[in-house]
Structures are given as structure tokens and as C-alpha cells.
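# Coordinates in review
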Amino acid sequence: MALLDTLMLARSGVDRCSEHRSDSAWITERWQDAGSRVMCVNDQGAPILRSGIGNGDGIELAMRSVSDSDAEPEDVSFLGTDPDGTSYFVEHVPDRACHADHEWGNLRDVGGVLNDRDAGLLVTAVALDNWRIGHQRCPKCGALTISKQAGWSRRCPGCESSHFPRTDPAVIMLVKDDQDRALLGRQGRWQEGWFSTLAGFVDPGESAEAAVRREVHEESGVIIGSEPDDVEYLGSQPWPFPASLMLGYHARATGTQINVDGEEIAEARWFSREELARACEEGSVRLPPSISIARRLIERWYGGELPGDWSRPLGIKR
Ligand SMILES: [Zn+2]
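Definitions and limits used
Residues numbered from 1 in each chain as written. Predicted model: local features only at pLDDT ≥ 70, side-chain atom pairs only at ≥ 80, totals over all residues. Heavy atoms only, no water. pLDDT = per-residue confidence, 0-100. Contact = heavy atoms within 4.5 Å. Buried < 20%, exposed > 50% of the residue type's maximum accessible area, 1.4 Å probe, protein only. Helix = DSSP H or I, 4+ residues; strand = E, 2+ residues; numbered from the N terminus. Donors = N, O, S within 2.8 Å, 3.2 Å for Na, K, Ca; no water. Tetrahedral: all angles 85-135°; square planar, octahedral: opposite > 155°, others 65-115°. Phe/Tyr/Trp six-rings, centres within 6.5 Å; stacked < 30°, edge-to-face > 60°. Lys NZ or Arg CZ within 6 Å of the ring centre and 35° of its normal. Core = buried A, V, L, I, M, F, W, Y, C linked by side-chain atoms within 4.5 Å. Domains from an automatic or database assignment. Salt bridge = Lys/Arg side-chain N within 4 Å of Asp/Glu carboxyl O. Pairing = 2+ DSSP bridges. Axes fitted to C-alpha atoms, helices over the stretch in contact; angles between N-to-C directions.

### A few points about the confidence of the model for the chain
Considering every residue of the chain, the mean pLDDT works out to 93; 95% of them sit at 70 or more. Throughout residues 313-318 the model reports pLDDT below 50, and contacts reaching past four residues in sequence, or to other chains, amount to 21 contacts.

### Describing helix α6 (residues 293-302)
α6 sits mainly inside the fold: 8 of its 10 residues count as buried. I293, A294, R295, R296, L297, I298, E299 and W301 are the residues of α6 that are buried. Among the residues trailing α6, G303 stands out with phi positive, at a value near 95°.

### Concerning the coordination of the zinc ion
Surrounding the zinc ion are the protein donor atoms C138 (SG), C141 (SG), C156 (SG) and C159 (SG), at 2.2 to 2.3 Å. Classification of the site at the zinc ion rests on its 4 donor atoms, whose angles at the metal span 98 to 117°, yielding the label tetrahedral. Taken in chain order, the donor set of the zinc ion reads C-x2-C-x14-C-x2-C. Residue C138 is found in the loop between α3 (116-134) and β8 (146-148), and its partner C159 is found in the loop between β9 (153-155) and β10 (162-163); the two are separated by 21 residues along the sequence. The exposure class assigned to C159 is partly exposed, which follows from its relative accessible area of 32%.

### Considering the packing of aromatic side chains
By the definition in use, this model includes 9 aromatic pairs. Each member of the aromatic cluster is reached from another via a ring pair, and the members are W26, W31, F78 and F89. In this structure, R21 is placed above the aromatic ring of W152, and the distance from its NZ or CZ to the ring centre is 3.6 Å. Positioned above the aromatic ring of F241, the side-chain terminus of R108 is 4.3 Å from the ring centre.

### Describing the nonpolar core
Counting 51 residues, the largest nonpolar core has M39, L61, L122 and L276 as its most contacted members. Looking at which domains feed residues into this core, each of domain 1 (3-134) and domain 2 (168-302) supplies at least three. Apart from residues no more than four positions distant in its own chain, L276 is found in contact with L184, F271, V285, L287, I298, W301 and L306. Ranked by size, the runner-up nonpolar core spans 20 residues in total, among them V175, V222, Y249 and W270.

### A closer look at the pattern of salt bridges
Taken as a whole and assessed by the stated rule, the structure comprises 20 salt bridges. With a closest N to O distance of 3.0 Å, R50 and E103 form a salt bridge. Remark: E103 occurs in strand β7 (residues 103-106) and R50 occurs in strand β2 (residues 45-50); sequence separation between them is 53 residues. The exposure class assigned to R50 is partly exposed, which follows from its relative accessible area of 34%. Measuring nitrogen to oxygen at the nearest pair gives 3.2 Å for the salt bridge that ties E74 to R154. Here R154 lies in strand β9 and E74 lies in the loop between β4 (64-65) and β5 (76-81), a separation of 80 residues in the sequence. For E74, a relative accessible area of 29% gives the class partly exposed. Ionic contacts of the salt-bridge type, sharing partners, join the residues D203, E206, R214, E215 and E218 into one network.

### Here's the deal with the sheet that holds β2
If you trace the 3 strands from one edge of the open sheet to the other, you get β3-β2-β7, paired in antiparallel fashion. Two strands lie at the open edges of the sheet, namely β3 (59-61) and β7, each paired on one side alone. Strand-to-strand twist of the sheet, defined as the mean angle between neighbouring strand axes without regard to direction, takes the value 55°. Two elements, β2 and β7, share 4 bridges in a ladder whose sense is antiparallel. Note on β7: the bridge partner recorded for P47 is W104.

Below is the structure:
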């Protein structure tokens, strides 16, 4: 199975209709359509409904008709239209009072159990909301900015500049040695036994492949081969905490010598498949939750699912 097929936050069920964002008559017509739906977003979460019992099955976004919303256009972004013709909007709310009687689900907690449509809507809504919160003022002149293009740009009336949603590329890589063992690391702020793939942000002026080589060497001392196929791109998923796009790789090391930086990474180890499976079964090693691309990179190397993770129980805040 391709890595992309298993990435929970890379799913979507709506057409973003980006070509219509600047067409205010089209957006207004969609907003006034009786079938259009609006969700709220606040602090990386949205109101949810639970139709199942217990383990998270049957969770969906709680949305309402536009006629039930008194949102101002400034506070609304257009998310897209599904194959049935239903259009979806998000209202950016300053707190959770609008749905005080609902459960709220945060993206990290519910992103893996929502259906494709709702997962895509929530990822996009959270990513837009994070960008919007950070761009209330113009980064050039400091004037208050105004929402444009159905929430997909912000215009500065002071210096006439336009600003668009930002995404920060980050690389995340499972490094393999010549015995096909995997290099996993533990960040200094993590609990003992938590291990994951190495990762880091792409620098300005740097290619993603160069970032893979640089980050692996900085964090672990391990050197990645210089041949083009020593760094293999496998897929990406948005990670809007607050604004990352995770680019996933497998990379081949030239040696096994580890020298961790001691700051970001506290320890790093090579694991054979047998060692990692045993450690996961014993609980002495815990891997990231299945919503993460890290988990998918590890399981793709392993060749199947591994037991246990470090996620919290499905934590849903009111
Ligand atoms: Zn400005």
C-alpha cells in the first residue's frame, strides 16, 4: 500500500473550488444556498457529534445551516463543495461559547477517526485559522488586515499588500543502515522509551533533500549517502500545529556511528525489526500515534502494524 493512502490528515472529500474564491457573487450564492453548511473552529478544534459508543467510532463534525449562523463575512472562510453540491464554510470563533452545549474535538485527537470529508475540512479549517490568527496585522507595516478571497488572503489597507496562507515545509525521515535497521530517536523533552523518526524544518534556500541530510547529521551524527536514491520521497501530509507540511522520506546511511546533539535529541538507536517489535510488545518502546506520518514511515519499513503508541486516550474537551 502506498504511504499516501494511509495518511490520515492527507484525506479530503471536497473540491476546494479555489478558482471561485475571488468571485464574490459565486461565494455569496453558495453562502445563501439552503443546503450549505458551516462549522466553527477554535483553538485547533471543532464541535463534534458522537453517533457511536466508546472508542471514537462514529464521530463527525457538528455543522449547522448557514441560516442558523449569524457570522459576519469577515469571520468566515470557504472550504469547498462536495460531490453532492453541498458547500462548506468555517466560522473562525474567538472562543467555544457558540457551541457550549457540544463536545469539541481537537484535530490531533479526532483527525484519525473522522471520515475523509470531515478530516479534510477540519485540517483545512485549523490550518487557515492558525494562519489567520497570526496575520491580523500586516507583517510589512503593522496595519490591521482585512479578509479577502473568501478567507484565503488578507489585504492590508495601509500599504496595499496582500498576504496568503503560509505553510512551513518540514522533512521527516526513517533512516536505514546497510543491515536494514531503522534509526529512531528520542527528543529530550519526551518520556523515556518514546521513540520516533528524526525530523526538522527545511531552511530558507534549502532543498528538501538537503534538509534530510542536514537534519539527520545534526541530530544524530549519522551521514546519509550522497546518491540521489539514498533519499527516497514517499508522501506528505499537512500538520497544522501550527503550519507544517510534513514531507516523508526513507533515507540510507553510509555508516552506523551515532553522535546525538544532546539538545533536541537525547538518544538515538538502531533497531532491527525483531528488536523493535519486541520492545513495542514489552512496552519498553512506544511509538507515535497512527495519525502521524512518523508512524507510517516506521510501519512501512517494518512491513506491518506495530503494537502500542504514546497517544492519549481520545481526549475530547468540552
Ligand atoms: Zn501593510
